[in-house]
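Summary of structural features
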Amino acid sequence: QLSFHVQSSGDLFWGGGTYLLTIQPDNDADSGGTVTLRSPLSGSFTYVYNPSSGEWVGEDDGHSLLGMLTRDWIRQCRGVPDF
């Protein structure tokens, strides 16, 4: 389980919050298990590994885990961040 807290310094669109990423391995080596993301902006989603695309995709609608994190960070930073 991995969690990270985003604290607003005034530059964020909202007041911050905690992201929680939970990995639950599966006994079946081909499935990869599940990953659950709890986001203060987007809510909670469960992802399964898609071996054909090599991505973790939403169990309900097939959206990408990486895409969800990217959208959240763009919303957090009021646009594309300047790192």
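See the structure shown above.
Figured I'd write up the structure that's included with this text.

Here's the deal with the nonpolar core
Grouped together as the largest cluster of nonpolar side chains are six residues: Tyr-19, Val-35, Leu-37, Tyr-47, Leu-65 and Met-68. For this core, the secondary-structure elements that each account for two or more residues are β3 (34-39) and α1 (65-76). Ignoring sequence-local partners within four residues, the contact set of Leu-37 consists of Tyr-19, Leu-20, Leu-21, Gly-43, Ser-44, Phe-45, Tyr-47, Leu-65, Met-68 and Leu-69.

A closer look at the packing of aromatic side chains
Across all of its chains, the model carries two aromatic pairs by this definition. Each ring, one from Phe-45 and one from Tyr-47, has its centre 6.5 Å from the other, and the planes form 50°; the classification is tilted.

Observations concerning the environment of His-63
Looking at where His-63 falls in the secondary structure, it is placed in the loop between β5 (55-58) and α1. Judged by relative accessible area, which is 15%, His-63 ranks as buried. For the pair His-63 and Phe-45, spaced 18 residues apart in the sequence, the C-alpha separation amounts to 9.9 Å. Contact partners of His-63, with chain neighbours within four places excluded, come to Phe-45, Tyr-47, Trp-56, Val-57, Gly-58, Met-68 and Arg-71. Only 2.7 Å separates the side chain of His-63 from the side chain of Tyr-47, close enough to count as a polar contact. At a separation of 2.5 Å, a polar atom in the side chain of His-63 contacts the side chain of Asp-61.

Some words on the environment of Pro-40
Turning to its location among the elements, Pro-40 is positioned in the loop between β3 and β4 (43-50). Sequence spacing of Pro-40 and Asp-72 is 32 residues, and the spatial spacing of their C-alpha atoms is 9.0 Å.

What to know about the pairing of β5
In the sheet, β4 pairs with β5 via four bridges, with the strands oriented antiparallel. Bridged to Val-48 within β5 is Val-57. Where β4 folds back on β5, the antiparallel hairpin that results is connected by four residues, among which Gly-54 adopts a positive phi of roughly 75°.

Digging into the environment of Phe-45
The topology assignment puts Phe-45 in strand β4. Those residues in contact with Phe-45, other than ones at most four positions away along the chain, are Val-35, Thr-36, Leu-37, His-63 and Met-68.

Focus on α1
Since the α-helix packs 3.6 residues into each turn, any two residues three or four apart lie on the same face. Over its 12 residues, α1 runs 16 Å from end to end, which matches the ideal 16 Å to within 8%, given 1.5 Å per residue. Inspection of α1 places Leu-65, Gly-67, Met-68, Asp-72 and Gln-76 among the buried residues, and these make up the whole buried set.

Focus on the pairing of β4
In the sheet, β3 pairs with β4 via six bridges, with the strands oriented antiparallel. Bridge assignment links Arg-38 to a residue of β4, and that residue is Ser-44. In this structure, the hairpin formed by β3 and β4 is closed by a connection of three residues.

Parameters and conventions
- Residues numbered from 1 in each chain as written.
- Predicted model: local features only at pLDDT ≥ 70, side-chain atom pairs only at ≥ 80, totals over all residues.
- Heavy atoms only, no water.
- Core = buried A, V, L, I, M, F, W, Y, C linked by side-chain atoms within 4.5 Å.
- Buried < 20%, exposed > 50% of the residue type's maximum accessible area, 1.4 Å probe, protein only.
- Helix = DSSP H or I, 4+ residues; strand = E, 2+ residues; numbered from the N terminus.
- Contact = heavy atoms within 4.5 Å.
- Phe/Tyr/Trp six-rings, centres within 6.5 Å; stacked < 30°, edge-to-face > 60°.
- Polar contact = N/O pair within 3.5 Å; in protein donor to acceptor, adjacent residues only side chain to side chain.
- Pairing = 2+ DSSP bridges.
- Expected span 1.5 Å × (residues − 1).

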